[in-house]
Amino acid sequence: MLSDDLIRQGQHIMTVCNACRYCEGYCAVFPAMENRLVFSKGDLTYLANLCHNCGECLYACPYAPPHEFAINVPRTLAEIRLGSYEEYCWPGLMSRAFRRHQLLAALALALGAVGLLFASTLLIGPERLSIARPGGDFYRVVPHDVMVAVFGGVSAFVLAALITGLVRFWRDAGERTPAPMPRLALIRALGDAATLKYLHAAGLNCTSAEEVRSPWRRWFHHLTFYGFMLCFASTSVAALYHVGFGWPAPYAYSSLPVVLGTVGGLGLLAGPAGLYFLRRTRDEAILDPAQRGLDVSFIILLLLTSLTGLVLLVLRDRAAMPALLLVHLGLVLALFLMLPYGKFIHGMYRTAALVKYASETLRTREPGEAGGRERHGAS
Ligand code: SF4
Ligand code: SF4
């Protein structure tokens, strides 16, 4: 949770930066900060989720440690970000998940889900696990209705948890819900999120350590995000084929659901693997050590899910298919259940922060469009 000490530290740093303003060209955090005279908890969580942890402002800062002011914006905002995940989490009891043995917890959850699927299949119809020629028909192992009921129930819970967290973040940041949002602000914010503008999509490559610049962090994020979206599109198209057109699986290797799933799965292998290796080389000074498990557990779950999905696709006509399917489905279930309590949440809060920033920018910098300049006090 956000301790008073951490809030005070965030307020101290933002107050020094607001007087200095040297870094105002680096990212959205500094212009958003300049619109404020004082910093409430909601202001700090908003600014923290705007930060992409690039490190640029630490390397530029004359007041960075060992200076007595000890200004370390990326580390402090990273700590506040983690506190915000816990603060807005629903149900509140699960907020502990953000710090506690994330990798072990994720692996235990995945193992539990796989075990549960095997146990239920053995109980209901053990012959389903020994189909000699499965012909790629997953529904011979897990019936369609069972899959819809299990994944539908889990998805509904996950969606409720994600939306509750977002609403809490949004309200704390001083916005109304539902908020009247200019369309231009939404378009700008979604464009900034989709291109990772503040991971330097439009300029010089991102820093990964002092004097080290590379585009890889941005590219691996892109591979992960668009890989995830392609896999989601593949599942949606398959559902449309099945329910809408009455075309049941399995689908040919050249069909749209399989092509989308294959390309997405490859992206979800390359992106998380790249992020994992990159994380090991990043400057520890800008990272929050408490978030290592959070990062690694999400990466490992993504890797295992995409790897088993691709292996399942290749071996879908073989006798190993039923066991592989249960392993893959167990991992997908665990990944889904971890979405509101793991690293996935950062993409949602960051996009919401970008929407707020775009909307503020329209209000304060382009008065003709939305009512003139305003400054925020304790919003
Ligand atoms: S990080 Fe340092 S240089 Fe940048 S605005 Fe803050 S105090 Fe100034
Ligand atoms: S670490 Fe990068 S994104 Fe975060 S405040 Fe500094 S310059 Fe902006």
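Within any chain, residue numbers begin from 1 and follow the written order of that chain's sequence. As they are written, the chains are lettered A onward and the ligands numbered 1 onward, keeping that order. Only residues with pLDDT of 70 or above have their local features reported here, since the model is predicted, and side-chain atom pairs are shown and tallied only from 80 upward, although totals for entire chains, interfaces and linings are computed over all residues. Note that water and hydrogens are dropped before the side-chain values are worked out from all heavy atoms of the structure.

Asker: Just to check I follow, could you spell out the site of ligand 2 for this structure?
Answerer: Every one of the 13 residues lining ligand 2 counts as a neighbour, but Cys27, Cys51, Cys54, Gly55 and Cys57 are closest to it. A run of H or I in DSSP becomes a helix once it reaches four residues, and a run of E becomes a strand once it reaches two; helices and strands are each numbered from the N terminus. If you list the elements that add at least two residues to the shell around ligand 2, you get helix 2 (29-34), helix 4 (56-60) and helix 5 (73-87). Considering only residue class, the shell around ligand 2 consists of nine nonpolar, three polar and one charged. Residues are counted as near a molecule or strand when any one of their heavy atoms sits within 4 Å of it. Throughout this entry, Asp, Glu, Lys and Arg are counted as charged residues, while Ala, Val, Leu, Ile, Met, Phe, Trp, Tyr, Cys and Pro are counted as nonpolar. The remaining residues, Gly among them, count as polar.

Asker: I tried to follow helix 6 (residues 102-124) on my own but got confused; where do I start?
Answerer: Owing to its 3.6 residues per turn, the α-helix brings residues three or four apart onto one side. Under the convention used throughout, the expected extent of a helix is 1.5 Å for every residue step, that is, one less than its residue count. For helix 6, with 23 residues, the first-to-last C-alpha span of 33 Å sits near the 33 Å given by 1.5 Å per residue. Three exposure classes are used, based on accessible area relative to the maximum for each residue type with a 1.4 Å probe and protein chains only: buried under 20%, partly exposed in between, and exposed over 50%. Those residues of helix 6 lying buried are Gln102, Ala106, Ala110, Ala113, Val114, Leu117 and Thr121. Whether two residues are in contact is decided by their heavy atoms, any of which lying within 4.5 Å being enough. Buried residues in helix 6 make contact with helix 11 (292-314) and helix 12 (321-338).

Asker: Before we go on, may I ask you to explain the site of ligand 1 in this structure?
Answerer: Near ligand 1 you find Cys17, Cys20, Arg21, Tyr22, Cys23, Phe30, Cys57, Cys61, Pro62, Tyr63 and Val73, and these make up its full shell. Classifying every residue of the shell around ligand 1 gives 10 nonpolar, no polar and one charged.

Asker: Even after reading the chapter, I still don't get the environment of Phe30, so can you show me in this structure?
Answerer: Assignment of secondary structure puts Phe30 in helix 2. Overall, the relative accessible area of 3% leaves Phe30 in the buried class. Taking the C-alpha atoms as reference, Phe30 lies 8.5 Å from Leu47; in sequence the two are 17 residues apart. For Phe30, the contacting residues outside a window of four places in its chain are Cys17, Cys23, Glu24, Cys57 and Val73.

Asker: Explain the packing of helix 11 against helix 12 to me, please; I cannot follow it from the model alone.
Answerer: Each pair of packed helices can be described by the angle between their axes along with the distance between the axes. Running from amino to carboxyl end, helix 11 crosses helix 12 at an angle of 150 degrees, the nearest separation of the two axes being 9 Å. As summarised for this structure, helix 11 and helix 12 are arranged roughly antiparallel, according to the angle between their axes. Relative to helix 12, the crossing made by helix 11 is left-handed. Of the residues in helix 12, those in contact with Phe298, Leu301, Leu302, Leu304, Thr305, Thr308, Gly309, Val311 and Leu312 of helix 11 are Met321, Leu324, Leu325, Val327, His328, Leu331, Val332, Ala334, Leu335 and Met338. Broken down by class, the residue content of the contact of helix 11 with helix 12 amounts to 15 nonpolar, four polar and no charged. Between N-to-C directions, angles cover 0 to 180 degrees, with each direction set by a line fitted to C-alpha atoms, over the stretch in contact for helices. Oblique is the label for any angle not under 35 degrees, not over 145, and not in the 65 to 115 range, which are roughly parallel, roughly antiparallel and roughly perpendicular in turn. In this scheme, a crossing is called left-handed if the near helix is turned counterclockwise away from the far one by less than a right angle; it is called right-handed if the turn is clockwise.

Asker: What exactly am I supposed to notice about the pattern of salt bridges here?
Answerer: Close approach of charged atoms lets side chains of opposite charge pair. Counted as salt bridges are all cases of a side-chain nitrogen of Lys or Arg within 4 Å of a carboxyl oxygen of Asp or Glu. This model, assessed by the stated rule, comprises 13 salt bridges. The salt bridge involving Lys41 is made with Asp172; its shortest N-O contact spans 3.3 Å. Pair noted here: Lys41 is in helix 3 (residues 41-50) and Asp172 is in helix 7 (residues 144-172), with a separation of 131 residues, a long-range link. On the basis of relative accessibility, which here comes to 27%, the residue Lys41 falls in the partly exposed class. Its relative accessible area of 25% is what places Asp172 among the partly exposed residues. In this structure, Lys356 engages Glu175 in a salt bridge whose closest nitrogen and oxygen atoms are separated by 2.8 Å. Of this pair, Lys356 sits in helix 13 (residues 345-365) while Glu175 is found in the loop between helix 7 and helix 8 (183-195), placing the two residues 181 residues apart along the sequence. Like Lys356, the residue Glu175 is buried in the burial classification. In the salt-bridge network here, residues are joined through shared partners; they are Arg36, Asp43, Glu175, Lys356, Glu360 and Arg363.

Asker: Quick question: what am I supposed to make of the nonpolar core here?
Answerer: Side chains of a nonpolar character, in soluble globular proteins, are inclined to be buried together. Within this scheme, the nonpolar core is defined by two criteria: the residues are buried Ala, Val, Leu, Ile, Met, Phe, Trp, Tyr or Cys, and they are joined through side-chain atoms within 4.5 Å. If you look at the biggest cluster of nonpolar residues, it comprises 83 residues, and the most contacted ones within it are Met14, Cys17, Phe30, Tyr46, Leu50, Val73 and Phe98. Counting residues in hydrophobic clusters, the runner-up holds six residues, among them Val237, Tyr241, Val258 and Leu260.

Asker: So what exactly am I meant to see when it comes to the packing of aromatic side chains here?
Answerer: Each pair of aromatic rings is reported with the distance of its centres and the angle of its planes. The criterion for an aromatic pair is that two Phe, Tyr or Trp rings (for Trp, the six-membered ring) have centres within 6.5 Å, with stacked assigned to planes under 30 degrees apart, edge-to-face to planes over 60 apart and tilted to the rest. Throughout the structure, instances matching the rule amount to 17 aromatic pairs. Judged by centre distance (5.4 Å) and plane angle (80 degrees), the rings of Tyr241 and Tyr251 are edge-to-face. Of the two residues, Tyr241 is situated in helix 9 (residues 216-244) and Tyr251 in the loop between helix 9 and helix 10 (256-281); the sequence distance between them amounts to 10 residues. When sorted by exposure, Tyr241 lands in the same class as Tyr251, which is buried. Following the ring pairs from residue to residue traces out a cluster consisting of Tyr85, Tyr88, Phe98, Phe169 and Tyr349. Comment: the charge-over-ring label is applied if NZ (Lys) or CZ (Arg) is within 6 Å of the ring centre and within 35 degrees of the ring normal. Sitting over the face of the ring of Tyr253, Arg316 holds its NZ or CZ atom 4.4 Å from the ring centroid. Over the face of the ring belonging to Tyr46 we find Lys356, whose NZ or CZ atom lies 5.1 Å from the ring centre.

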